[in-house]
Amino acid sequence: WESGWDSGDNKEEESTSLSKAVEEPPGQSQPWLQDCVVSLSPCADLLVVAREQKAVFLSAKWRTDQSGREEMTLAVSWSGTLSTEEGESVSSVIAIPLASQKRSSTGRPDWTCIVVGFTSGYVRFYTELLHVDPVLRLKCRTYEIPRHPGVTEQHEELSILYPAALVTIDGFSLFQSLRACRNQVARAAAAGSDVVPPPPLAYKKWGLQEMDTIVDHSSAGVMTLCVFDQMKNASILGGFHASVKGSPPAMSQFVTVGSGPYTGFYYAVEGNSQPLLSHVALAVASKLTSALFNAASGWLGWNKNKSEEEAAQKQKPKVEPATPLGIRFGLPDSRRHGESICLSPCNTLAGVTDDFGRVALLDLARGVTIRMWKGYRDAQLGWLQVQEERGDREFSPSASLPRRHALFLIIYAPRRGILEVWAMQRGPRVGAFTVGKYCRLLYAGYHLMGVNSVTSQGWQLHTQQVCLLDPTTGALRTISIPFHLALSDKKNERAKDMHLLKRLSAVLKSRDALESLLSNKNAPVSCLTNVTSALHDALKQQDEVETSLLQLCSSHLKLLQLYTDIQQLQSDSLEGLEEELSRVEPTLQRYAQLSSKPSVSFAQDSPDTPLSAQAFLTQLEVTEDGRVKVNRGSDAEWNQLGNFLFWGCLCGKSPTHKVCDTLQLAGFSPQQLLSLLMSVWLQREKEVLQKPVDTVKQLYTLLIALSNMEGAVEESWDPQSVSPWWQQVRLTCIQSHNAAAALLAALVAHCAAKASITSRADSKLQSEWEAVSMELEQWVVCVRQLEDVLVLQALLLVPSPQGTAGGAVVQCSIKTLLEGGTGGIADSVSKWVFRQNITPERLKEILLKKRSHEELLLAVCQRFPDSLSPDLLFAHCSWEYVVQWNKDPEEARYFFSAVEHLKLISSPHIQLGISSMMWSTFVVKRFSAAAFLMEKVGKAPKDRLCRRDVGIGDKAMTSFLGCCVQLLQILMEADSAMEEVRAPELSVEEVWSGAEGPASIAQLALEQRGVHYPLVQHHWLLASILHAAMSFTVKVKPLSLFDSKGKNAFFRDLTTIQLMPSGDMDPGLVSLRQEVINPDILRRHLVCELYNQGLDLRAEEAMLQVEDKEVLGSQLLVLTGQRLSYSLLHSQNQTQAAMELLARLPPTLCTWLKAMDPSELRCPLVSLSKTSRLVSRLIEMLPENHAQYSLALHLLEAVDVLTLSAEG
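Residues numbered from 1 in each chain as written. Predicted model: local features only at pLDDT ≥ 70, side-chain atom pairs only at ≥ 80, totals over all residues. Heavy atoms only, no water.

By the naming in an unreviewed UniProt entry, the protein goes by RAB3 GTPase activating protein subunit 2 (non-catalytic) and is assigned to Cyprinodon variegatus. Word for word, the UniProt comment on the protein under Subcellular location (unreviewed entry) is "Cytoplasm". Checking UniProt for the protein, the heading Sequence similarities (unreviewed entry) contains the comment "Belongs to the Rab3-GAP regulatory subunit family." (UniProt positions renumbered as here; feature names shortened; annotations may be inferred.)

Draft legend 1. Examining the overall build of the protein more closely. Scanning the protein from terminus to terminus reveals 37 helices and 31 strands. Within the protein, the fraction of its 1208 residues that count as buried is 45%. Taken as a whole, the protein presents about 61,200 Å² of accessible surface, with 52% of it coming from carbon and sulfur. (Helix = DSSP H or I, 4+ residues; strand = E, 2+ residues; numbered from the N terminus. Buried < 20%, exposed > 50% of the residue type's maximum accessible area, 1.4 Å probe, protein only. Areas by Shrake-Rupley, 256 points an atom, 1.4 Å probe, with all protein chains shown as cover.)

Draft legend 2. The sheet that holds strand 27 (residues 440-443), seen in detail. What the three strands build is an open sheet, ordered 27-28-29; its pairing is antiparallel. The sheet is open, and its two edges are formed by strand 27 and strand 29 (475-478), each paired on a single side. For this sheet, the mean angle separating the axes of adjacent strands, direction not counted, is 25°. (Pairing = 2+ DSSP bridges. Axes fitted to C-alpha atoms, helices over the stretch in contact; angles between N-to-C directions.)

Draft legend 3. Spatial organisation of the packing of aromatic side chains. As enumerated under the stated definition, the model contains 18 aromatic pairs in all. A ring pair is formed by Y267 and F329, whose centres lie 6.2 Å apart and whose planes are at 35°; its orientation type is tilted. Here Y267, found in strand 15 (residues 263-269), pairs with F329, found in strand 18 (residues 327-331); they are 62 residues apart in sequence, far enough to count as distant. The buried category is assigned to Y267, whose relative accessible area is 9%. Residue classification places F329 among the partly exposed positions, given a relative accessible area of 29%. One aromatic cluster in this structure is built from W919, F927, F932, F1042, F1050 and F1051. Positioned above the aromatic ring of Y262 is the side chain of R336, whose terminal nitrogen or guanidinium carbon lies 5.8 Å from the ring centre. Over the ring of W647 we find R684, and its NZ or CZ is 4.1 Å from the ring centre. (Phe/Tyr/Trp six-rings, centres within 6.5 Å; stacked < 30°, edge-to-face > 60°. Lys NZ or Arg CZ within 6 Å of the ring centre and 35° of its normal.)

Draft legend 4. Representation of the pairing of strand 26 (residues 429-434). Burial runs high along strand 26: five of the six residues are buried. Looking at chain direction, strand 25 (residues 418-423) and strand 26 are connected through five bridges and run antiparallel. When the bridges of strand 26 are listed, V421 appears paired with G431. Hairpin connection, strand 25 to strand 26: the antiparallel pair is bridged by five residues.

Draft legend 5. Up close: a nonpolar patch on the surface. A cluster of nonpolar side chains, V227, M231 and V244, forms an exposed patch at the surface whose accessible area comes to about 260 Å². Mapped onto the secondary structure, V244 falls in the loop between helix 2 (227-238) and strand 14 (250-259). Of the residues examined, V244 reaches a relative accessible area of 41% and is grouped as partly exposed. (Patch = residues over 30% accessible without salt bridge, like charges linked within 9 Å, V, L, I, M, F, W, Y side chains within 5 Å. Salt bridge = Lys/Arg side-chain N within 4 Å of Asp/Glu carboxyl O.)

Draft legend 6. Structural context of the confidence of the model for the protein. The predicted model of the protein averages 79 in pLDDT, with 78% of residues at 70 or higher. Looking across the protein, the model is least confident in strand 16 (residues 277-278), with a mean pLDDT of 34, and most confident in strand 20 (residues 349-354), with 96. Of the regions scoring below 50 in pLDDT, residues 7-29 engages in 38 contacts with residues more than four places distant in sequence or in other chains. Counted against residues more than four places away or in other chains, residues 765-772, with its pLDDT under 50, gives 12 contacts. (pLDDT = per-residue confidence, 0-100. Contact = heavy atoms within 4.5 Å.)

Draft legend 7. Summary view of helix 20 (residues 840-847). Of the positions making up helix 20, those classed as buried are P840, L843, I846 and L847. Down the axis of helix 20, the sector holding all buried residues measures 120°, keeping them to one side. Against the buried residues of helix 20 lie helix 19 (824-836), helix 21 (855-863), helix 22 (870-887) and helix 23 (892-903). (Arc of directions from axis to C-beta.)

Draft legend 8. The arrangement of the sheet that holds strand 19 (residues 338-343) in detail. Reading across from one edge, 19-20-21-22 is the order of the four strands in this open sheet, with antiparallel pairing throughout. Strands with a single pairing partner mark the edges of an open sheet, and in this sheet they are strand 19 and strand 22 (368-373). Looking at each pair of strands side by side, their axes are set apart by 25° on average, direction ignored. Bridge count between strand 19 and strand 20: five bridges; the pairing is antiparallel. Bridging from a neighbouring strand, S340 pairs with T353 of strand 20.

Draft legend 9. Highlighting the environment of S83. Turning to its location among the elements, S83 is positioned in the loop between strand 4 (70-81) and strand 5 (90-99). S83 sits in the buried class, given a relative accessible area of 19%. Distance in space between the C-alpha atoms of S83 and V116 is 9.8 Å, their sequence separation being 33 residues. Excluding residues that lie within four positions of it along the chain, S83 makes contacts with Q53, E88 and F118.

Draft legend 10. Expanded view of the nonpolar core. Within the largest apolar cluster, 163 residues are counted, with the highest numbers of intra-cluster contacts made by W681, F895, V923 and F927. Residue-level mapping places this core at the junction of two domains, with at least three residues from each of domain 3 (569-595 + 608-797) and domain 4 (821-849 + 856-981 + 997-1073). Setting aside chain neighbours within four positions, we find F927 in contact with W919, F960, L961, C964, H1019, L1022, A1023, L1026 and F1051. The next biggest cluster of nonpolar side chains, apart from the first, holds 40 residues, and it includes I370, Y376, A406 and L409. (Core = buried A, V, L, I, M, F, W, Y, C linked by side-chain atoms within 4.5 Å. Domains from an automatic or database assignment.)

Draft legend 11. The arrangement of the pattern of salt bridges in detail. As enumerated under the stated definition, the model contains 32 salt bridges in all. Between D216 and K139 there is a salt bridge whose closest N-O contact spans 3.4 Å. Taken together, the residues D216 in strand 13 (residues 213-224) and K139 in strand 9 (residues 137-141) connect sequence positions 77 residues apart. Accessibility assignment for this pair places D216 and K139 in one class, buried. Here R141 makes a salt bridge to E157, at a shortest N to O gap of 3.2 Å.

And the structure:
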């Protein structure tokens, strides 16, 4: 939890995960805990879970886990049915711990009383009927020690809320009654006699008026107004001549939430209305087992025989009337309905949740809302009051003053699965934790009952203020907040450092500190040696020495020295390298399989070609001082020289040390040798991956030998800077496109650098901490980046299916990914998704881990959780598909897939930005061309006109217009949802935070301006008309259906505000629109679709309702031609008679049939008799003077000949 607190810069958008997200079990689909009534005792020793008539009690027990460590668990101590009245169910539960009256008590509760409220109105203490309505909420207030002189001491109280009444029970009277009842039960159980009735119970009952509905309440206790507020209230309530009492009266404040108004403030003046006294005794109404409290305590009630119990159940007790209490004032909001209210421990603030997803902070003294949070639907609230620790004020000038207290509001948002901590009252968010979506935040808001100013002296109340119950894991977590988070600026930093120093000092004082350090696997040997040696010397200088600790230091110093000596002797040992190789081995194997494609190369370019003496001499040069210099030529020559020098060593055929000694004696520069070694290693990646373990060991030996050469690592190297020698290796790996070879080289170099730096530090007899941490940290980041690149490159190497579009495989490296900007990774994966032709729904299932065979894509997403979050990946895929569609507009499925990806984006802000950019960049120009073309021809244009003016065919244009309708619909929905959702904060992984380059598509989307909703709706209406006209072949001029304002608003920037058509419509336009909306068009379309599906009989029935038979005949003529074309030209079972008929057909009919496209038919295999019947109907529909009448006669003759040949 320590890492989840926000840093001192108070960035509210940053949040850190409390723990890894808990995956939901397959069987759990409903948040069952949200339907239960849950209450946790403030002492965290009893948990009550109830639903309807049943309940389960869980008590604290200690158990030993498998490792032998003791831990506290909550085990079921009782389960059963609580209800006794027919049809009643549990509506509220509260567990109240009762303080012990013994003098030896230190603050632990004596026992815990469970108070249960039912829908029948009963409140059973384990009860009496206080009101006939259902019990809505039970709340308790216990004694708090006043922090300042003059603060009114609040009395203990139990409050019960009904729909129209509020019952308050005095805490002292309730405490005495419960103690007396419990003692009498114990005596009766021991003696076997009846229980004596307990003493009476005093309560007050208020009828809350002038509020429509009440769902929750809080009792803020007794308050006294100042003289000014008293005079102000008297003037408002009594007028100008109102009289004011000499002393302000004491009042009990009640705050309610609900509706009409959504927050109400009630004040009951003490002494004005006589409190009601009820003498109804506490009755046993439940069959709880006695094991809940004490084996001998029995029941909280008295024993009766069966007849008396039946008589008691039949006779309802008398219900006292309520004293009317009018509302003083409220916060009116007719649309807002309050859901819950949570009172702060200081009784001055309250948090209120409502059905709009808001959390409001109320100042109860002033009765105003001082702060509000948005986007917290179904939120659960809690408060935490933190006291300043004693050590935090030692260096403060106000150290003599009482310790300060800090107040924090805790908000759990189950919809988002996040727990946030906010500093009061105007403070920032100091912590945010990712938790489950089905948790319950348990906040009691009270402590032990029965405590007062006398009995609380010297007590330490062992209570928990806020807990979080996770039903998926069964874990109950407590929330603790450091006090320094309430501070700001420099004070916060100093307090944070003091807090950390105090924790560290406490750990170092124990013997466990040394043992925990020695058991840390990440601590280097030099660190262990230096810390143990320093502790050993410090213990020797002390007067009182702990002998066991001194002996422990001495023995471990000897063992560490022995380990260092053996490690130096074993110079060729690879510490931790084998573990790293085994960890990345599966990914290396998959990469090797995908990259081992056959390729064509020339023999002279082969790396195994021997280097001639002439080529060797041309590449080398001897300087005046006798050193050998390598002249950098072409890459092929450079790689050939590297192969000649080092490939034999890497294969194990040449002695490594002899080769390095020979090269050093010849006078080669270590830097040039290192460059040659890295080039041959990266070039021979395929050979390296065949035997990675052996080649890695040889590379390690070569790197160590080269780094030990004179001039390799400078003696004057600044310990606080990065070594230029190892930086050269890193730069080569960063720029390489051979991901596997670069990763292996980085692992080897990391290990070699660690060994080299350790030996240098030991030789100087000092520990260079900065150098070790800085250099090795650079290698840790480099290795992590190369592992990410390797997994990503393996994914990009997956071959595309046959027949899919897409370019060549992208070769990625650390450098290219960093230069590609924050969206470079998502852009590469989106291009891969396009090449693989993965549908949006399939991609969604993969991201939800419903498809296990896409393990490589899941592995990439897990390594890039921020860069490849679902919203970012869907956004880039949507943009990639629309870019590909713009390159080939005839492929309408690309545009359709872009829109489908766009629908899957959950953030309306990103969705709106992508849609807006897509519309303005790719769509609006082609959309306006389609509208002007249709306006010009007055109907659905033919294929030739569509290609000339719009650039796509008529079929692609129909699909394009349908996608435009969906795109504009997404724009409107996203614009409407933006107000309720906060804009997401885009982030990248820590190791990739240095990316420099263009902004990602998602970032550009968030920077887009908002759209003008009426203008988008205006374009959506036009797109719907155009799509309908193309689908139903309607004769319409779409732009003529709008007035001048409507026409001028078309094809404008959607972010601008345009003059829109008013409500008053020109009668001519109204009649024109009514003509376009012709039901006969839909009837003709239905008939054609039925014939297209092969349902001829149903089509003939629907044909009877068509009015314009001539137009229908022309449409069915094309469908008949498609059927006949399939039978004559495209059917695999062509008969000889069909071939002869095709030869005898008139040339015009033959050409017309060849131009038909039978692929549009949903059911091409239709019997010839049905087709003959269809042609006969055609001839009846078409008049003799129709242009296509003769063509229909030729079709009838051809179908009859085919039918006769088939029968013969």
